[in-house]
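Residue-level structure breakdown
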Amino acid sequence: MHKIWRYIPKGLRDRPFDAYTAIALVAVGIYGLIDPYFPEIQGSAISAVLFHIIEVYFIAAGTTLAIALSVKPKDHPSFYFFGQMYSWAFVCAAGVAVVLLQLWQALSVGVQDPNLFWLMLFIFACVSWAAFVRSFDMWLYYKKGNS
């Protein structure tokens, strides 16, 4: 295990939750592109197209986050920091878009399974909040260092 661990980039070793989240976001985005019924309450063609755009956004944000964590901070300090900060901001924006899309669909089409609706809403709201807190914390750190 120690031999494998040393080959993992330092940023991924230092921030395993961030790495896991990046991989999960890419997986959710790819799954959403493959499964035409994800999320389950899609009721119109325009909502399906909007959600596919959001899925691509999740894939791009997760990939950028994983790459930013993989670079050497001493070689590329700006990309290491800003890549993470903006990736989290993009994840927050995509999560908010999912929450708003879910609410719009619930109001316009209705909810077939209320438990699933509230679970999806809760999960994406929590992802949005956590991403906002992480991005805002990094932004405050940057502002504090430049003032």
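Keep in mind that this is a model prediction, so the values were computed, not measured.

So, the overall build of the protein chain
Per the secondary structure count, the protein chain includes six helices and zero strands. Along the chain direction, N to C, the helices and strands of the protein chain fall in the order α-α-α-α-α-α. Seen through its C-alpha atoms, the protein chain measures out along the principal axes to roughly 50 × 40 × 25 Å. Considering only contacts within the protein chain whose residues lie at least 6 apart along the sequence, 69% involve residues at least 24 apart. When the accessible surface of the protein chain is summed, it comes to about 9,200 Å², and 72% of that surface belongs to carbon and sulfur atoms. Each charge sign in the protein chain was given a centre, from 10 positive and 8 negative side chains, and these centres are 20 Å apart.

Brief notes about the state of the cysteines
Going through the model one piece at a time under the given rule, you end up with zero disulfides. With no disulfide of its own, C92 lies 12 Å from the sulfur of C126, the closest cysteine sulfur. Given the relative accessible area of 35%, C126 is considered partly exposed.

A word on the pattern of salt bridges
Under the criterion given, the structure shown has two salt bridges. Among the ionic pairs, R15 bridges to D18, the shortest N-O distance being 2.7 Å. Look at D18 and you get buried, because its relative accessible area is 4%. As a salt-bridge pair, D18 and R134 come within 3.7 Å of each other at their nearest N and O atoms. Pair noted here: D18 is in helix α3 (residues 16-34) and R134 is in helix α6 (residues 114-146), with a separation of 116 residues, a long-range link.

Details of the nonpolar core
I54, F58, W88, V91, V98 and F124 are the most contacted members of the largest nonpolar core, which totals 26 residues. Within the residue set of this core, elements represented by two or more residues are α3, α4 (45-70), α5 (77-108) and α6. The element that contributes the greatest number of residues to this core is α5, accounting for 10 residues.

Rules used throughout
- Residues numbered from 1 in each chain as written.
- Predicted model: local features only at pLDDT ≥ 70, side-chain atom pairs only at ≥ 80, totals over all residues.
- Heavy atoms only, no water.
- Helix = DSSP H or I, 4+ residues; strand = E, 2+ residues; numbered from the N terminus.
- Contact = heavy atoms within 4.5 Å.
- Areas by Shrake-Rupley, 256 points an atom, 1.4 Å probe, with all protein chains shown as cover.
- Lys, Arg positive; Asp, Glu negative; His and termini not counted.
- Charge placed at Lys NZ, Arg CZ, Asp CG, Glu CD.
- Disulfide = S-S within 2.5 Å.
- Buried < 20%, exposed > 50% of the residue type's maximum accessible area, 1.4 Å probe, protein only.
- Salt bridge = Lys/Arg side-chain N within 4 Å of Asp/Glu carboxyl O.
- Core = buried A, V, L, I, M, F, W, Y, C linked by side-chain atoms within 4.5 Å.

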